[in-house]
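# Working through the structure, step by step
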Amino acid sequence: MPNDRLRNGMLKNGLTASALAEKLGVDPKTVERWVTQTRNPYPRYRHTIADLLNESESYLWPDALPTQRAVQISQSELVHIYPRRGAVPTDLWQRLLEQATRQVGVLVYGGLFLPEFNHRWIATLREKALAGAQVELLFGDPDGEHIAERGDAEGIGPAMSNKILNALAFYKDLRDLDNVGIYYHDTILYNSIYRFDDEMLVNTHLYGTPAAYAPVLHLRRLGGGDLFDSYVASFNRVLGKKRAVWPEH
């Protein structure tokens, strides 16, 4: 049976069998067999393909691993859980950013704490973008309905919108860089997501509780796991609803 999920993922991303084979260092006929026959790539290839297509391995190859083994791997993707954001070591945010070489993604409403308390945050984002990393930053729309709801839930009213505008003031110097996208979103923020290549910090949210007092998950992607990729998929769904903060640029 053909792997229609893999085929569709390649088409969506403009990848031919030859182009994908070149990225993986394999023969194009090997890629064709993965698509047209019931043959699963080796784990090292599955991991890379899933990353290239922005899909989870479990979606592209649902029969590649026994269910129980897939669950065990996903559990192992959880590096640590912090009871609140303030318990995350202050140097961990910067260390994860400095280690990233391919992709940095931030999904927040405001996330003001990052540039406010880390004077190297913006400069390091610039360095990463200039070195070729793709940087995607998603902020809540200050005029959006969900921002107003969140402000009311936390008892701070319009202060939530002001936090977003204050945060964006730090990022304005990045807006002309080719590899940086700075966007608004108007979605319910179930989690704030901070992605650094194959590691991620997920700040869960609790109704009526400021994000600073909610738990944070430290995740590291493993081949065959789907916990990390579930949050990547969530990030990408919000990215699909983006609009530019500075549309003239």
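Everything here concerns the structure above.
We now turn to the structure provided with this report.

The rules behind each value
Residues numbered from 1 in each chain as written. Predicted model: local features only at pLDDT ≥ 70, side-chain atom pairs only at ≥ 80, totals over all residues. Heavy atoms only, no water. Core = buried A, V, L, I, M, F, W, Y, C linked by side-chain atoms within 4.5 Å. Buried < 20%, exposed > 50% of the residue type's maximum accessible area, 1.4 Å probe, protein only. Helix = DSSP H or I, 4+ residues; strand = E, 2+ residues; numbered from the N terminus. Contact = heavy atoms within 4.5 Å. Pairing = 2+ DSSP bridges. Axes fitted to C-alpha atoms, helices over the stretch in contact; angles between N-to-C directions. Salt bridge = Lys/Arg side-chain N within 4 Å of Asp/Glu carboxyl O. Parallel < 35°, antiparallel > 145°, perpendicular 65-115°, else oblique. Left-handed = near helix turned anticlockwise from the far one by under 90°. Nonpolar A, V, L, I, M, F, W, Y, C, P; charged D, E, K, R; others polar.

## Remarks on the nonpolar core
Soluble, globular proteins show a tendency: their nonpolar side chains are buried together. In terms of nonpolar packing, the biggest core is built from 53 residues, with Trp-121, Phe-139, Tyr-171, Ile-182 and Tyr-194 touching the most fellow members. In terms of residue count, the dominant contributor to this core is helix H12 (residues 227–239) (6 residues). If sequence neighbours within four positions are ignored, Phe-139 has contacts with Val-108, Tyr-109, Gly-110, Ile-164, Ala-167, Leu-168, Tyr-171, Ile-182, Tyr-183, Tyr-184 and His-185. Grouped together as the second largest cluster of nonpolar side chains are 17 residues, Val-26, Tyr-45, Ile-49 and Trp-61 included.

## Section: the environment of Leu-177
Topologically, Leu-177 is positioned in the loop between helix H11 (159–171) and strand S4 (180–185). Take Leu-177: its relative accessible area is 14%, and that puts it in the buried class. Separated by 51 residues in sequence, Leu-177 and Arg-126 place their C-alpha atoms 7.9 Å apart. Setting aside chain neighbours within four positions, we find Leu-177 in contact with Arg-126, Ala-129 and Leu-130.

## Structural notes on the sheet that holds strand S8 (residues 243–244)
Strand order across the open sheet formed by 8 strands is S1-S7-S6-S5-S2-S3-S4-S8, with mixed pairing between neighbours. With partners counted over all chains shown, the strands left at the sheet margins are strand S1 (78–82) and S8, one partner each. Strand direction decides the pairing type here: strand S2 (residues 103–107) and strand S3 (residues 134–140), joined by 5 bridges, are parallel. Note on S3: the bridge partner recorded for Val-104 is Val-135. Its contacts with the sheet put H11 on S3 and S4, and the angle it makes with S3 is roughly 160°.

## Thoughts on the pattern of salt bridges
Once the charged atoms of two side chains with opposite charge are near each other, the side chains can pair. Per the stated rule, a full pass over the model turns up 11 salt bridges. Two residues, Arg-102 and Asp-51, come together in a salt bridge whose shortest N-O distance is 2.8 Å. Placement of the pair is Arg-102 in the loop between helix H7 (90–99) and S2 and Asp-51 in helix H4 (residues 43–53), with a sequence separation of 51 residues. Classification of Asp-51 as buried rests on a relative accessible area of 18%. Between Asp-141 and Arg-243 there is a salt bridge; the shortest N-O distance is 2.8 Å. Remark: Arg-243 occurs in strand S8 and Asp-141 occurs in the loop between S3 and helix H10 (145–154); sequence separation between them is 102 residues. Residue Arg-243 is classed as partly exposed on the basis of its relative accessible area, which comes to 42%.

## A word on the packing of helix H2 (residues 17–24) against H4
One can describe the packing of H2 onto H4 by two numbers: an axis separation of 11 Å at closest approach and a directional angle of 125°. One way to sum up the angle between H2 and H4 is to call them oblique. Seen along the crossing, H2 lies across H4 with a hand that is right-handed. Together, Leu-20, Lys-23 and Leu-24 of H2 and Tyr-45, Thr-48, Ile-49 and Leu-52 of H4 make up the contact between the two elements. Broken down by class, the residue content of the contact of H2 with H4 amounts to 5 nonpolar, 1 polar and 1 charged.

## Thoughts on the pairing of strand S5 (residues 191–196)
Judged by how many residues are buried, S5 sits mostly within the fold: 6 of 6 residues are covered. Side chains Asn-191, Ile-193 and Arg-195 of S5 all project onto a buried face; the interleaved residues Ser-192, Tyr-194 and Phe-196 project onto the opposite face, where all are buried too. Of the strand pairs in this sheet, S2 and S5 are connected by 4 bridges, and their pairing is antiparallel. Bridging from a neighbouring strand, Leu-107 pairs with Ile-193 of S5. Two elements, S5 and strand S6 (residues 199–204), share 6 bridges in a ladder whose sense is antiparallel. Looking at the pairing, Ser-192 lines up with Asn-203 of S6. Hairpin connection of S5 to S6: 2 residues between the antiparallel strands, including Asp-197 at a positive phi of 55°.

Purely geometric stuff here, so don't read any function into it on its own.
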